[in-house]
Amino acid sequence: MRYTTAQKLAHIGRVIIAWTLAYTFFGFLRMYGIQDLPEAEFAQVWTPRDLIVQLVVASLATGILYGSLDLLLDRPRIQRWAYWKILTLKTSLNLVIVVVVLILLIMSGVQLGVIDPDSMLDTRQPRVAISKSAFIFIVYFLFVDTLLSMYQQVKQKFGRGIFQEMLLGKYHKPKEADRIFMFIDLKSSVTIAERLGHVHYSYLLQDCYFDLNTQLNRFKARIYQYVGDEVVLYWDLHDGLMDNNCVMMYFGFMDRLEQRRKYYERRYGLMPFFKAGAHLGRVTVAEVGLLKRDIAFHGDTVNTTSRIHDQCNVYNEQLLVSKDLLVRLEPGAVLQFNLIGSEVLKGKHSSLEIYAVDRVQQAAAVPVAQHS
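Rules used in this analysis
- Within each chain, residues carry numbers counting from 1 in the order of the written sequence.
- Per-residue local features of the predicted model are confined to residues with pLDDT of at least 70, and side-chain atom pairs are confined, for both listing and counting, to 80 or more; whole-chain, interface and lining totals are unaffected and use all residues.
- Remark: hydrogens and water are excluded; side-chain values derive from all non-hydrogen atoms of the structure.
- Here, the term nonpolar core denotes a set of buried Ala, Val, Leu, Ile, Met, Phe, Trp, Tyr and Cys residues that are joined through side-chain atoms within 4.5 Å.
- Residue exposure (1.4 Å probe, protein chains only): buried if accessible area is under 20% of the type maximum, exposed if over 50%, otherwise partly exposed.
- Only DSSP runs of H or I covering at least 4 residues are called helices, and only runs of E covering at least 2 are called strands; the numbering of each starts at the N terminus.
- By definition in these notes, contact holds between two residues if any of their heavy atoms fall within 4.5 Å.
- Polar contacts, as used here, are pairs of N or O atoms within 3.5 Å; protein pairs need one atom able to donate a hydrogen and one able to accept it. Residues neighboring in sequence count only if both atoms are side-chain atoms.
- Each Phe, Tyr or Trp ring, with Trp reduced to its six-membered ring, pairs with another whose centre is within 6.5 Å; inter-plane angles below 30 degrees give stacked pairs, above 60 give edge-to-face pairs, and intermediate values give tilted ones.
- For this analysis, a salt bridge means a side-chain nitrogen from Lys or Arg found within 4 Å of a carboxyl oxygen belonging to Asp or Glu.
- Lines are fitted to the C-alpha atoms to define the axes, a helix being fitted only along its stretch in contact, and any angle between axes, read from their N-to-C directions, falls within 0 to 180 degrees.
- Here the word oblique covers every angle except those under 35 degrees (roughly parallel), over 145 (roughly antiparallel) and from 65 to 115 (roughly perpendicular).
- Any residue that is not Ala, Val, Leu, Ile, Met, Phe, Trp, Tyr, Cys, Pro, Asp, Glu, Lys or Arg is counted as polar, Gly included; the first ten are nonpolar and the last four charged.

Caption draft 1: Seen up close, the nonpolar core. Of all hydrophobic cores here, the largest spans 48 residues; its most connected members are Leu204, Leu233 and Leu325. Take this core: its biggest share by element is 9 residues, from helix H11 (residues 245-259). Not counting the four nearest positions on each side in its chain, Leu204 is found in contact with Leu186, Ile192, Leu196, Tyr264, Tyr268, Leu270 and Pro272. Counting residues in hydrophobic clusters, the runner-up holds 23 residues, among them Trp19, Leu55, Val101 and Tyr140.

See the structure below:
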């Protein structure tokens, strides 16, 4: 995935917080009531200040290393590996993180219950003393790592923010909300499928969907559905209107495909091109299903977006948006908008103004306000 600097820092910050909670619980388990045990290893040297210092050291070191590793492995080439390969690589690198954290704890004078520095100087049984305490730490680390990995996989399954909303039961009861939708699909898909055959056509869609996914975080988009060669994206108003993310997402995807033009032409003998339609409006959001629970959107807004998208073929345009969305976009010199016309879309009784959207190459764009 492509992340902005702010998103990278936010991710590392969240990982640091997660490991801070994990180490705090670990410190509690290791140190609670230790003063009541006269034979305890750390009874004479432990102080709350020492514990806090080392919790901070362990949390920062693990959080920064673990979070950076997530970002390092979240590359298109690696993410296309089989999951067992990614898991093997990540587990191996996590063991390196364990060693680094142990070294940092030792250097800070360990009181966290991981390794007793004094026992390391004991020539009679240093290996036993180290292995027992370090083993506890490693097992706990890998346990927390497994939980975090499971959480990340579930989050990827449901999409950005959806798992948290379902966990909190936000849409257990249907609620109304304003959302921006974009329908995007492969142009001339039937012709391409006949040319490539179903198997190679499926590989093409996999490649295209993967390239689309690399842009989601960059433009704060979420995936609602995959339907054949069509993908439905959506945003809440804040994320979608910020920096015109709901429109720039399309051009970011096109740029990504263009960067990989040689790959597509070499493997498939063609360059895929997508068309899209976008609209803004109110929908009802509800959690649906039991065995395959998901968030569903109900209402005319989704249908209208689909109808706008269908007009791309009629007018031979790459991206169409409704006036409802256009008037909410930020004016600027990056995009230009051309009125296509007022259409009475299928299933509608009133007309809707539709605009074609393109990027300005050299000439300045006509401000959005002039088309409102």
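Caption draft 2: Representation of the side chain of Asn244. Within the element layout of this structure, Asn244 appears in the loop between helix H10 (237-241) and H11. The exposure class assigned to Asn244 is buried, which follows from its relative accessible area of 9%. A distance of 2.8 Å separates a polar atom in the side chain of Asn244 from the backbone nitrogen of Glu330. Beyond its immediate sequence surroundings of up to four residues, Asn244 is in contact with Leu329, Glu330 and Leu335.

Caption draft 3: Representation of the environment of Arg359. Within the secondary structure, Arg359 is located in strand E8 (residues 352-359). Owing to a relative accessible area of 25%, Arg359 belongs among the partly exposed residues under this scheme. On a C-alpha basis, the gap between Arg359 and Phe337 in space is 8.8 Å, while along the polypeptide they are 22 residues apart. Each residue touching Arg359, except ones within four places of it in the same chain, is listed here: Phe251, Asp255, Val334, Leu335 and Gln336.

Caption draft 4: Structural detail: the packing of aromatic side chains. Enumeration over the complete set of coordinates arrives at 16 aromatic pairs. Relative to Tyr140, the ring of Phe26 has its centre 4.9 Å away and its plane inclined at 40 degrees; by these criteria the two rings are tilted. Linking Phe26 in helix H1 (residues 5-31) with Tyr140 in helix H6 (residues 126-158), this pair joins segments that are 114 residues apart in sequence. Judged by its relative accessible area of 3%, Phe26 falls in the buried class.

Caption draft 5: Spatial organisation of the side chain of Ser322. Mapped onto the elements of the fold, Ser322 is located in strand E6 (residues 319-322). Residue classification places Ser322 among the buried positions, given a relative accessible area of 0%. Filtering out sequence-adjacent residues up to four positions away, Ser322 remains in contact with Ala278, His279, Leu280, Ile308, Leu352 and Glu353.

Caption draft 6: Structural context of the pattern of salt bridges. Enumeration over the complete set of coordinates arrives at 10 salt bridges. For Lys90, the salt bridge goes to Asp70, with nearest N and O atoms at 3.1 Å. A residue pair is termed long-range when its members are at least 10 positions apart, and Lys90 in helix H4 (residues 83-107) and Asp70 in helix H2 (residues 48-73) qualify at 20 residues. Since its relative accessible area comes to 10%, Lys90 is described here as buried. When the shortest N-O distance is used, the salt bridge between Arg282 and Asp178 registers 3.1 Å. Remark: Asp178 occurs in strand E1 (residues 175-186) and Arg282 occurs in strand E4 (residues 274-288); sequence separation between them is 104 residues. On the accessibility criterion, Arg282 (48% relative accessible area) is partly exposed. Salt bridges sharing partners connect three or more residues here, namely Glu176, Asp178 and Arg282.

Caption draft 7: Structural view of the packing of helix H9 (residues 198-213) against helix H12 (residues 261-268). Between H9 and H12, the least distance of the axes is 11 Å, while the angle of their chain directions is 170 degrees. Considering their axes alone, H9 and H12 lie roughly antiparallel with respect to each other. Residues His200, Tyr203, Leu204, Asp207, Cys208 and Asp211 of H9 lie in contact with H12, whose contacting residues are Tyr263, Tyr264, Arg267 and Tyr268. Counted by class, the contact of H9 with H12 contains 6 nonpolar, 1 polar and 3 charged residues.

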